[in-house]
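So the chains spell out like this:
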Amino acid sequence: MSSQHVKRVDLIFEKIECRDVLKKIVDMEPDAISQEILDSDLKGRGGAGFPTGLKWRFAAKEKESIKYIICNADEGEPGTFKDREILDQVPGKVFCGMAIAGKAIGAKMGYVYLRGEYKFLIPKLNKELIEFHKTMDEFNQNFRIQIRLGSGAYICGEESALFESMEGKRGEPRNKPPYPTTSGLFGKPTVINNVETLVHTVMIMNYGAAHFRELGTKDSRGSKVFSISGDTPKAGIYELELGMTVDEFVNDFGDGDTKAVQVGGASGFCVPRKKFDETIIGFEGVPTGGSMKLFNSSRSMYNVLHNYLDFFTEESCGQCTPCRVGCQQLLKGVEAVKQGEKNSKYLDELVKLAKTMKRASKCGLGQSVGNAFGSIVENFKEEIIY
Amino acid sequence: MVSLSVNGMLVKVPEGTTILDAAKKMNFRIPTLCQHDDLCVAGNCRVCVVEQLGAKSLVAACAVPVSEGMQILTNSLKVRSARKHIIELLLSEHNADCTKCYKNGMCELQNLSNEFAVGDHIFIDLNTIKEYTIDRFSPSIQKDDSKCIRCQRCVRTCEQLQGVNALTVAFKGDQQRITTFEDLSMAEVICTNCGQCINRCPTGALVERTYLDEVWDAILDPTKHVVVQTAPAVRVGLGEELGFEPGKRVTGQMVAALKRLGFDSVLDTDFTADLTIMEEGTELLTRLKRALVDKDSDVALPMTTSCSPGWVKFIEHTFPEYLPNVSSCKSPQQMFGALAKTYYADVRKLDPKDIVSVSIMPCTAKKYEANRPEMRSSGYKDVDYVLTTRELARMIKQAGVDFNMLKEDKYDSIMGASSGAGVIFGATGGVMEAALRTAYEIVTGREVPFENLNITPVRGMEGVRQASVLIEDCKEEWSFLNGVELKCAVAHGLVNARELMDGVKSGEINVHFIEVMACPGGCLGGGGQPIPTNEEIRRKRTEAIYAEDMSMEVRKSHENPEIISIYKEFLGEPLGHKSHELLHTHYTERVRY
């Protein structure tokens, strides 16, 4: 059996002395920190995969005196629950990562934007923060962290909508450019990283970039925490080396009857059984923020798709046309096809619409609705129609 | 300078220029809906998406600044298919019952639909699935959510130009819509009825409440004597609705058209604008006397104007503690209404109950003002119906009057004579200028010390302006003003009014007299004026207003012969008993949301 296992890694949850890492970085040149992260090839673990070191370097170059670090803990992607676990198990490492980022870009203030439903974590986080601030004082560092609570809107996980929300406004994505590293929270240069990304930076500073690069592939270095759910006997949180195929993953986690895997949650891609072998989980194949949902043959892919579209129809912020109306049209459209009110050719129109949504929506939400839609309709057309 | 290519043609534009403007420079028009020259960028309708070679997705031309070497395609296959989809999507959510829509033929969405030959309606009609209600509670503004395309121009207008925030975005996803505090009707919230949202709504979601049928019924009723008054700004805007370029003065043709429509008497709000100057100028001087001579600490200074009903409602909502500072004078429209059913009725030997008083205003707030319960000092509703400039244009079209061919005609008498001072009420700073022309002369016996009476320091488009006039060599009865530097401030657009009042509150702004017009540019930029509007159009209307002033024989309110005779024959003196009864009013504190 063990030969079937995908390689487990224990970096994110590994208990280390954060103060040792902090002690090390306080005397480092900011640019050397960014360089180390850059050398590691770490890409953002929220799903979009922007090179973390590059993001830090962009923000470091800005001449503003006030800059911010934000830990995006608004984990809202359906099927993703790994950040909750990280914050619960190793909150100190998250704060440590924020301090490293702060040192690298010259920020004195960090915020954790915590998903509203994770309110129960606050006492624990606050307790840990007291310790963290003590350590900061000890090292004569004036970097401070505060926690801000979201209010339940999925869109507020989008970085610029998150800024709006933090500024007390309606959570709607902004136009880009300018990008957060130039003009983020309150118009100041801001680095916003996912919870897991920040913890990875701690481990990179601890063990060195080379250690991190030993794992994974050319395009997807390192390991990643996955939230595994659906039709699996082993649902839960696993840190795995990147670069495996979906086939390898299913062999490890499937129930023997897996017909599809939704990689990356509602905004991700659906990989059907016939493509398990050729699909790599990572930036060269299908990227994921961590959500892996397995479906066996008892599941109706129409219901799966309907569920996702229902979700997006409700969670679109509603400001831009392709996303607001497009989501509704996709939802009503598949319903109409299923009920025979529209013929199967209408699905082709909807696929074209999904392409427009991908190209013309204002933010990542609308741009990614087409991922799930396109991949499910393409691979399970019969289930949608009949 | 940044160089880029638009559809293969090279262009150099200043840094910070949007793709939209760069393309415009190359004579490529990119369609827009949420974009408006007066407002900040939104980038949410996505109609203006263009292809940037090398970019992952299409980009919004209105929101993205040019960068060096950028290659833009405004009409590629990808752009065309996306744009058509977006228009289709908007239409699928839109109540497209165009032939029954007030904005039929004047709708930006309809134009785009026409331009892109959207006829096949590929998508499912979502509009019929949703339950929308039409808010008709406000006497000024009608809001129909079924026609809203969520471009948020109205929200940005209400926030950025007016600082009122009556309209806001609420809910998300398919439920997202534009609404008010607690979903209350427009009549119950902080809305000032200024109608600036109407001026910028691309569809028929926000329109004025129309009273065309009521006015036609009155005109066609032989037992009624229908008088009409026309506000100063109407004459410099009406032409735009009838095929003329912005800035065309059509005073004479408008009067001729009104006579052809069948109004029994065509009169001028400018007459009561002059009357307002007499009353308000005297009120200011009286307040100054109480403050300077009687040392009365209760006197409320600075005094503010009260002719803009949007401003009056704004201050009632937002700065109620300053209501004693608002001049008690009614607006020219309401002074006119009160006199039409008293003075005018007397002179013309008419029974006031048979008089129907109609006003043509550049304004939607005037509709609300006419409906205020206190505006019945003649014993009847002083102004029965208020029509906007746009509604008048529609009447002219309905009656088949060939406006372009009309010979100029003159206002009837009485209450038809005016001065240049009355005319400039239509522009921001105009009331201030008119008041100074009269007050200065009353006090000193000399004309204001400005060339051609043009008090240029109070003119212009800056949001808040301050000026002062040194008063010297006064007449004996005004000697207490000797050496006083009369300080005044002018604001237009309520966001600027708020700034000004905040300054007054904090003590930063210390003046005697304040003029506020609710709308950008003053009445000429009013919510009832022709659509579209932008700074350039408002500038042209402003020039027309001042040209009209210069063309008048009488330039000062107190020299208007009909003003002289109304005081002699009817009112007695400014602030006299009759004036108080007919020409002055009071204000009410209102909710703050």
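Residues numbered from 1 in each chain as written. Chains lettered and ligands numbered in written order. Predicted model: local features only at pLDDT ≥ 70, side-chain atom pairs only at ≥ 80, totals over all residues. Heavy atoms only, no water.

**Remarks on the overall build of chain B**
Piece 1. Looking only at helices and strands, one finds 20 helices and 18 strands in chain B.
Piece 2. Here the C-alpha atoms of chain B give a radius of gyration of 25 Å, agreeing with the 25 Å that 2.2 N^0.38 yields for 593 residues.
Piece 3. Considered along the principal axes of its C-alpha atoms, chain B spans approximately 80 × 55 × 50 Å.
Piece 4. Here chain B holds 593 residues, and 64% of them are scored as buried.
Piece 5. Entry remark: accessible area of chain B is about 22500 Å², with carbon and sulfur atoms responsible for 49%.
Piece 6. Mean positive and mean negative side-chain charge positions of chain B (67 and 80 charges, respectively) differ by 4 Å. (Helix = DSSP H or I, 4+ residues; strand = E, 2+ residues; numbered from the N terminus. Rg over C-alpha atoms; globule rule 2.2 N^0.38 Å. Buried < 20%, exposed > 50% of the residue type's maximum accessible area, 1.4 Å probe, protein only. Areas by Shrake-Rupley, 256 points an atom, 1.4 Å probe, with all protein chains shown as cover. Lys, Arg positive; Asp, Glu negative; His and termini not counted. Charge placed at Lys NZ, Arg CZ, Asp CG, Glu CD.)

**Some details on the nonpolar core**
Residue and element names in this part refer to chain A.
Piece 1. The biggest cluster of nonpolar side chains holds 57 residues, and the ones touching the most others in it are Val-334, Phe-373 and Ile-376.
Piece 2. If you list the elements that add at least two residues to this core, you get β1 (68-73), β2 (109-114), α7 (159-166), α11 (301-315), α12 (321-338), α13 (346-360), α14 (364-379) and α15 (381-385).
Piece 3. Once residues within four sequence positions are removed from consideration, Val-334 is found in contact with Tyr-302, Leu-305, Leu-309, Leu-347, Leu-350, Phe-373 and Ile-384. (Core = buried A, V, L, I, M, F, W, Y, C linked by side-chain atoms within 4.5 Å. Contact = heavy atoms within 4.5 Å.)

**Considering empty space enclosed by the protein**
Residues and elements named next belong to chain B.
Piece 1. On inspection of all chains with the given rule, the structure shows eight cavities of 30 Å³ or more.
Piece 2. Its volume calculated, the largest cavity comes out at about 240 Å³.
Piece 3. Every residue lining the largest cavity is counted, 23 residues in all, and those nearest its centre are Cys-307, Pro-309, Pro-362, Lys-366 and Cys-523.
Piece 4. Of all the secondary structure elements, the ones that give two or more residues to the lining of the largest cavity are α10 (309-318), α11 (332-340) and α13 (365-370). (1 Å grid on protein atoms, 1.4 Å probe; cavity = no way out; pocket = protein on both sides within 12 Å on 5 of 7 lines; lining within 4 Å. Points joined across faces, edges and corners; volume = space filled by probe spheres on them.)

**A short note on the interface of chain B and chain A**
Piece 1. Between chain B and chain A, the residue contacts involve 37 residues of the former and 36 residues of the latter.
Piece 2. Of the roughly 2800 Å² buried between chain B and chain A, counting both surfaces, carbon and sulfur atoms make up 56%.
Piece 3. We note a salt bridge from B:Lys172 to A:Glu315, for which the minimum N-O separation is 3.3 Å.
Piece 4. Counting every contact that joins chain B to chain A gives 21 residue pairs in polar contact (both at pLDDT 80 or more).
Piece 5. For the side of chain B that touches chain A, the secondary structure elements donating two or more residues are α2 (77-93) and β8 (168-170) of chain B.
Piece 6. Among the residues making up the side of chain B that touches chain A, the classes are represented as 21 nonpolar, nine polar and seven charged. (Buried area = accessible area lost by both parts, 1.4 Å probe. Salt bridge = Lys/Arg side-chain N within 4 Å of Asp/Glu carboxyl O. Polar contact = N/O pair within 3.5 Å; in protein donor to acceptor, adjacent residues only side chain to side chain. Nonpolar A, V, L, I, M, F, W, Y, C, P; charged D, E, K, R; others polar.)

**Things to note about the sheet that holds strand β13 (residues 303-304) of chain B**
Residues and elements named next belong to chain B.
Piece 1. Here we have four strands laid out as an open sheet, ordered β13-β18-β17-β16, and mixed in their pairing. Only two strands of the sheet have a single neighbouring strand rather than two, namely β13 and β16 (464-470).
Piece 2. Seen against the sheet, helix α17 (residues 494-506) touches β16, β17 (485-492) and β18 (513-517) and runs at an angle of roughly 145° to β17. (Pairing = 2+ DSSP bridges. Axes fitted to C-alpha atoms, helices over the stretch in contact; angles between N-to-C directions.)

**Focus on the packing of helix α6 (residues 212-219) of chain B against helix α14 (residues 389-398) of chain B**
Residue and element names in this part refer to chain B.
Piece 1. Relative orientation of the contacting elements α6 and α14 amounts to 55°, with a least axis distance of 11 Å. Relative to α14, α6 is oriented oblique. Seen from above, α6 lies across α14 with right-handed handedness. Touching Leu-212, Val-215, Trp-216 and Ile-219 of α6 are Glu-391, Arg-394, Met-395 and Gln-398, all from α14.
Piece 2. Here the contact of α6 with α14 is built from residues that sort into five nonpolar, one polar and two charged. (Parallel < 35°, antiparallel > 145°, perpendicular 65-115°, else oblique. Left-handed = near helix turned anticlockwise from the far one by under 90°.)

**Some remarks on the domain arrangement of chain A**
Often, the extent of an interface is quoted as the loss of accessible area upon association of its parts.
Residues and elements named next belong to chain A.
Piece 1. The domains assigned to chain A are domain 1 (8-213), domain 2 (223-296) and domain 3 (301-385).
Piece 2. Measuring from the centre of the C-alpha atoms in domain 1 to the corresponding centre in domain 2 gives 26 Å.
Piece 3. Of the roughly 1800 Å² buried where domain 1 meets domain 2, counting both sides, 56% is carbon and sulfur surface.
Piece 4. Of all residues in domain 1, Arg-8, Val-9 and Phe-81 give up the largest surface area on contact with domain 2, accounting jointly for 32% of the area buried on that side.
Piece 5. At the surface where domain 1 touches domain 2, the tally comes to two salt bridges.
Piece 6. In this structure, Lys-224 and Glu-196 form a salt bridge, with 2.6 Å as the shortest nitrogen-oxygen distance. (Domains from an automatic or database assignment.)

**Quick look at the pattern of salt bridges**
Piece 1. Counted according to the given criterion, the structure contains 70 salt bridges over all chains.
Piece 2. With a shortest N-O distance of 3.9 Å, B:Lys78 and B:Glu51 are connected by a salt bridge. Linking B:Lys78 in helix α2 with B:Glu51 in strand β3 (residues 49-52), this pair joins segments that are 27 residues apart in sequence.
Piece 3. For B:Glu51, a relative accessible area of 14% translates into the label buried.
Piece 4. A salt bridge links B:Arg555 to B:Asp549; its shortest N-O distance comes to 2.7 Å. For the pair formed by B:Arg555 and B:Asp549, the shared burial category is buried.
Piece 5. Via salt bridges that share partners, A:Arg45, A:Lys82, A:Asp83, A:Glu196 and A:Lys224 belong to a single interconnected network.

**Quick notes on the sheet that holds strand β4 (residues 190-194) of chain A**
All names here are of chain A.
Piece 1. On the basis of which strands lie adjacent, the open sheet formed by four strands has the order β3-β2-β1-β4 and parallel pairing. Edge positions in the open sheet fall to β3 (144-149) and β4, since each of these has one partner strand only. Pairs of neighbouring strands in the sheet enclose a mean axial angle of 20°, with direction left out of account.
Piece 2. Pairing between β1 and β2: six bridges, direction parallel. In the strand pairing of β2, Asn-72 is matched with Tyr-113.
Piece 3. Lying over the sheet, helix α8 (residues 195-207) contacts β1 and β4, oriented at roughly 95° with respect to β4.

**Some points on the packing of helix α1 (residues 18-26) of chain A against helix α5 (residues 91-105) of chain A**
Residues and elements named next belong to chain A.
Piece 1. Close contact between α1 and α5 brings their axes to 10 Å; oriented N to C, the two are set at 5°. Between α1 and α5, the interaxial angle falls into the category roughly parallel. Between α1, through Cys-18, Val-21, Leu-22, Ile-25 and Val-26, and α5, the contact on the second element is made entirely by Gly-92, Lys-93, Cys-96, Ala-99, Ile-100 and Lys-103.
Piece 2. For the contact of α1 with α5, a count of residues per class yields eight nonpolar, one polar and two charged.

**What to know about the domain arrangement of chain B**
All names here are of chain B.
Piece 1. Domain boundaries in chain B define domain 1 (2-75), domain 2 (91-208), domain 3 (220-270 + 334-405) and domain 4 (280-327 + 419-583).
Piece 2. The distance between the C-alpha centroids of domain 1 and domain 2 comes to 26 Å.
Piece 3. On the side of domain 2, 16 residues touch domain 1, which itself brings 14 residues to the contact.
Piece 4. Surface buried jointly by domain 1 and domain 2 totals about 1100 Å² across both partners, of which 56% is contributed by carbon and sulfur atoms.
Piece 5. The interface formed by domain 1 and domain 2 holds two salt bridges in total.
Piece 6. Across the contact surface, domain 1 and domain 2 share eight residue pairs in polar contact (both at pLDDT 80 or more).
Piece 7. Here the residues of the side of domain 1 that touches domain 2 sort into eight nonpolar, four polar and two charged.

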